[in-house]
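Each chain is listed here by its residues.
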Amino acid sequence: MKILLFIIILLLSTFAQEIKEVKVQFSWKNQFQFAGFIIAKEKGFYKEVGLDVKLLEFEPKRTQIDMIKGGEIDFAVNRSSILIEKSKGENIVALGAIFQHSPLVLLVKDNNKIRNLEDLKNKKVMITTDARLSASIIAMLSANGIELSQIDALKHSFNIEDLINDKADAMASYISNEPIVLKEKNIAYKVFDPKVYGFDFYDDIIYTTSLFIKNNPNLTKNFYEATIKGWHYAFKHIPKTAKLIYEKYNTQNKSLNSLINEGIVLKEYAYDNYGNIGTLDKERLIKINDVYRLMGLVKKQAKIDEFIYKENDNRSVINLVISNKNLYIYIVLSIIIILLIIILVVYLIIKKKWLITNTALEKEIKLKIKHLKKEIYIDGLTNIKNRKAFDRKLSLLFDDYKRYKNIFSVIYIDIDNFKSINDNYGHNIGDEVLCSFCRLVETKLRSNDYFYRVGGEEFIILLPNTNIEDGLKVSEKLLKSTREKIKIENKISVTISIGLCEVNSEDDITTLYKRVDQLLYKSKSEGKNRVSY
């Protein structure tokens with residue numbers, strides 16, 4: 001009987017799934033930022049695929065790269081800065097990016113002290129000066145004419161009280177953390193988000209080494225899929241997930257309400273346009289790497305194809321699933337299509353109508369795409385952005401205003417008596433006036449202002465992070481400069497009428513446009529060559 005029992009136990013242990021231990025290193029301490037991993041562990045998603053996952057909080061004494069290469073951990077979570085390590089030759093592979101847009105922003109208290117990025121010069125800015133970790137913020141500042149040498153960079157304390165008590169004028173923060181604390185304390189704040197300024201980075205990229213994946217292909221795939229499953233569950237059940245973190249993983253002693261709000265905010269940053277989590281886009285990664293190159297952090301382009309995990313299903317918008325039943329049909333159809341293509345290629349070569357090299361073809365395609373984008377968003381005459389581009393940008397600024405209360409102002413311009421200019425001097429002179437006006441305006445705007453031609457002689461300027469008082473200064477400068485510098489036949493001054501308004505909490509896109517249009521009409525009806533606001 002004992003022998004029989006021993007044989008049964010031996011057989012059961014042989015067929016039982018082997019549980020493998022896996023260690024994952026986070027980039028910070030436990031919070032909703034890592035909810036998907038916590039859920040996958042607590043709900044048994046990892047266990048279902050034979051994994052015993054150990055979740056490790058941030059370790060300041062050791063770099064993740066050293067730990068992962070040394071075998072102390074199997075997977076790690078970090079920012080887009082791991083691209084720098086890839087560019088330097090490290091054989092690391094990104095399984096997926098949990099956040100499609102980095103939650104890293106620059107946070108200031110909402111007062112008259114700092115209205116726009118230019119106001120940060122000579123101010124106390126609490127930021128991690130390691131450019132690898134703060135690249136998107138540093139790039140945003142640099143693009144607006146502010147170098148690190150022009151700010152008083154403070155060592156980051158990660159304590160929001162330093163901003164509240166004015167020990168710092170601005171603080172690099174996660175949109176899902178510090179702003180929530182300020183909101184709970186009823187302290188008004190303003191956010192400068194790098195993605196609004198064109199620096200849209202990924203965040204919380206899960207990665208490991210290529211060697212680990214080669215030696216553990218099934219384990220890697222199972223771990224990644226279980227993690228993504230955990231994230232979908234976490235965002236679908238935010239209060240329940242927050243309560244779990246609050247009760248079992250709350251090493252930072254956060255309130256339950258803070259964890260819930262953190263989940264709500266991060267959900268907006270996680271999903272791509274097709275409802276996927278983990279998406280990595282090659283072209284976007286190349287652009288991020290280019291920013292690192294411009295900042296001098298890397299000298300060459302990373303091998304992006306080697307960087308993206310081959311099992312990342314989100315790399316394609318369309319996923320084709322072919323059953324065994326239909327496989328034969330697909331193979332036959334594929335062979336027929338390939339043969340037809342070969343016949344067509346041979347025919348064109350014989351006829352000497354297709355002798356272009358691959359390099360030349362790629363160059364031509366890129367050029368045509370560039371021209372196509374220009375035709376869609378650029379006005380053909382003045383070479384500034386058109387109405388379609390304006391509609392897109394206005395929508396983005398409204399989203400930014402609704403989420404962060406970042407104000408902006410709108411200047412609506414009409415060139416006075418333009419029909420008479422065309423009738424009396426001809427359309428060529430009229431076109432010259434339009435082009436001269438556009439070149440003049442471009443010299444008067446900041447690098448982060450946006451200028452559009454929205455009609456025949458109608459133009460709109462969008463001024464991010466600008467109140468109506470500052471917008472009035474810009475408008476008055478344009479009135480004066482146009483009147484003084486644009487003349488027909490060097491003697492007749494061209495004038496403009498302007499409507500100006502600042503976005504408010506009751507606005508939507510339609511009401512804002514209607515308000516500024518009415519103000520422009522007021523300027524024209526009251527004698528032109530003036531601004532109404």
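Residues numbered from 1 in each chain as written. Predicted model: local features only at pLDDT ≥ 70, side-chain atom pairs only at ≥ 80, totals over all residues. Heavy atoms only, no water.

**Student:** Describe the overall build of the chain, with residues and values.
**Tutor:** Counting secondary structure elements, the chain contains 21 helices and 17 strands. In the chain, which comprises 533 residues, the share counted as buried stands at 45%. Put simply, of all contacts in the chain between residues at least 6 apart along the chain, 76% involve residues at least 24 apart. Taken as a whole, the chain presents about 28,800 Å² of accessible surface, with 54% of it coming from carbon and sulfur. (Helix = DSSP H or I, 4+ residues; strand = E, 2+ residues; numbered from the N terminus. Buried < 20%, exposed > 50% of the residue type's maximum accessible area, 1.4 Å probe, protein only. Contact = heavy atoms within 4.5 Å. Areas by Shrake-Rupley, 256 points an atom, 1.4 Å probe, with all protein chains shown as cover.)

**Student:** Describe helix H19 (residues 427–444), with residues and values.
**Tutor:** Its 18 residues give H19 an end-to-end C-alpha distance of 26 Å, which sits within 8% of 26 Å, the value for a rise of 1.5 Å per residue. Those residues of H19 that sit buried are Gly430, Val433, Leu434, Phe437, Cys438, Leu440 and Val441. Along H19, the residues classed as buried sweep out an arc of 165° about the axis, all on the same side. In H19, the exposed residues that point more than 90 degrees away from the buried face are Asn428 and Thr443. (Expected span 1.5 Å × (residues − 1). Arc of directions from axis to C-beta.)

**Student:** A description of the nonpolar core should follow, citing residues and the corresponding values.
**Tutor:** The biggest cluster of nonpolar side chains holds 57 residues, and the ones touching the most others in it are Val24, Phe37, Phe223 and Phe235. Counting residues per element, this core draws most heavily on helix H10 (residues 217–236), which supplies nine residues. Beyond its immediate sequence surroundings of up to four residues, Phe223 is in contact with Val24, Phe37, Tyr46, Leu51, Val53, Phe75, Leu95 and Ile206. Grouped together as the second largest cluster of nonpolar side chains are 48 residues, Ile68, Ala97, Ala135 and Leu285 included. (Core = buried A, V, L, I, M, F, W, Y, C linked by side-chain atoms within 4.5 Å.)

**Student:** I'd like a description of the confidence of the model for the chain, backed by residues and values.
**Tutor:** For the chain, per-residue confidence averages 88 on the pLDDT scale, and residues scoring 70 or more make up 88% of the total. A low-confidence stretch, residues 1–16 (pLDDT under 50), is modelled with zero contacts involving residues beyond four sequence positions or located in other chains. Per-residue pLDDT stays below 50 along residues 313–325; that stretch engages in 14 contacts with residues further than four places along the chain or on separate chains. (pLDDT = per-residue confidence, 0-100.)

**Student:** Describe the layout of surface pockets, and please don't skip the residues or the numbers.
**Tutor:** The space that makes up the second largest pocket amounts to roughly 1,400 Å³. Around the second largest pocket sit 45 residues that line it, and Ser27, Trp28, Phe58, Arg79 and Phe158 are the ones nearest its centre. Mapped by element, the contributors of at least two residues to the lining of the second largest pocket are helix H4 (64–69), helix H5 (82–87), strand E8 (170–174), helix H8 (178–184), strand E10 (203–209) and helix H12 (256–270). Counting residues per element, the lining of the second largest pocket draws most heavily on H8, at four residues. Considering only residue class, the lining of the second largest pocket consists of 16 nonpolar, 18 polar and eleven charged. (1 Å grid on protein atoms, 1.4 Å probe; cavity = no way out; pocket = protein on both sides within 12 Å on 5 of 7 lines; lining within 4 Å. Points joined across faces, edges and corners; volume = space filled by probe spheres on them. Nonpolar A, V, L, I, M, F, W, Y, C, P; charged D, E, K, R; others polar.)

**Student:** Account for the sheet that holds strand E9 (residues 189–192), naming residues and giving values.
**Tutor:** Working definition: the strands of a sheet are paired by backbone hydrogen bonds and lie parallel or antiparallel to each other. With respect to topology, five strands assemble into an open sheet ordered E7-E6-E8-E5-E9, the strand pairing being mixed. Of all strands in the sheet, those bounded by a partner on one side alone are strand E7 (152–154) and E9. Between one strand axis and the next, the sheet turns through 30° on average, direction left out of account. Bridge count for strand E5 (residues 104–109) against E9 is four bridges, and the pairing is antiparallel. Across the sheet, residue Val108 finds its bridge partner in E9, namely Lys190. On the sheet, helix H6 (residues 135–143) packs against E5, E8 and E9 and is oriented at approximately 60° with respect to E5. (Pairing = 2+ DSSP bridges. Axes fitted to C-alpha atoms, helices over the stretch in contact; angles between N-to-C directions.)

**Student:** Break down empty space enclosed by the protein for me, citing the residues and quoting the values.
**Tutor:** Following the criterion strictly, the structure yields two cavities of 30 Å³ or more and no others. Each pocket or cavity is described by its volume, and for the largest cavity that value is around 80 Å³. For the largest cavity, the lining is made up of 14 residues, of which Arg79, Leu104, Leu133, Ser136 and Phe201 are closest to its centre. A breakdown of the residues in the lining of the largest cavity according to their chemical character gives six nonpolar, five polar and three charged. Roughly 60 Å³ of volume is contained in the second largest cavity. Val191, Phe192, Asp193, Val196, Tyr197, Leu397, Asp400, Asn406, Ile407, Phe408, Pro464 and Asn465 are the residues that line the second largest cavity. Of all the secondary-structure elements, those providing two or more residues to the lining of the second largest cavity are E9 and helix H17 (387–404). For the lining of the second largest cavity, a count of residues per class yields eight nonpolar, two polar and two charged.

**Student:** Got a sec to walk through the packing of aromatic side chains? Specific residues and values, please.
**Tutor:** A complete count under the given rule lists 21 aromatic pairs for this structure. The interplanar angle of 55° and the centroid separation of 5.4 Å between the aromatic rings of Phe26 and Phe37 together place this pair among those described as tilted. Here the residue Phe26 occupies a position in the loop between strand E1 (20–25) and helix H2 (35–42), and Phe37 occupies one in helix H2, the gap between them amounting to eleven residues. For Phe26, a relative accessible area of 0% gives the class buried. When the ring of Phe390 is compared with that of Tyr452, the centres are 5.5 Å apart and the planes differ by 65°; the resulting orientation is edge-to-face. Of the two residues, Phe390 is situated in helix H17 and Tyr452 in strand E12 (residues 450–453); the sequence distance between them amounts to 62 residues. A single burial state applies to Phe390 and to Tyr452, both of which are buried. Taken together, the ring pairs in this structure connect Phe26, Phe32, Phe34, Phe37, Phe99, Trp231, Phe235 and Tyr271 into an aromatic cluster. Residue placement shows Lys29 over the ring face of Trp28; its charged tip is 5.6 Å from the ring centre. Above the ring of Tyr202, the side-chain terminus of Arg284 is found at 4.0 Å from the ring centroid. (Phe/Tyr/Trp six-rings, centres within 6.5 Å; stacked < 30°, edge-to-face > 60°. Lys NZ or Arg CZ within 6 Å of the ring centre and 35° of its normal.)

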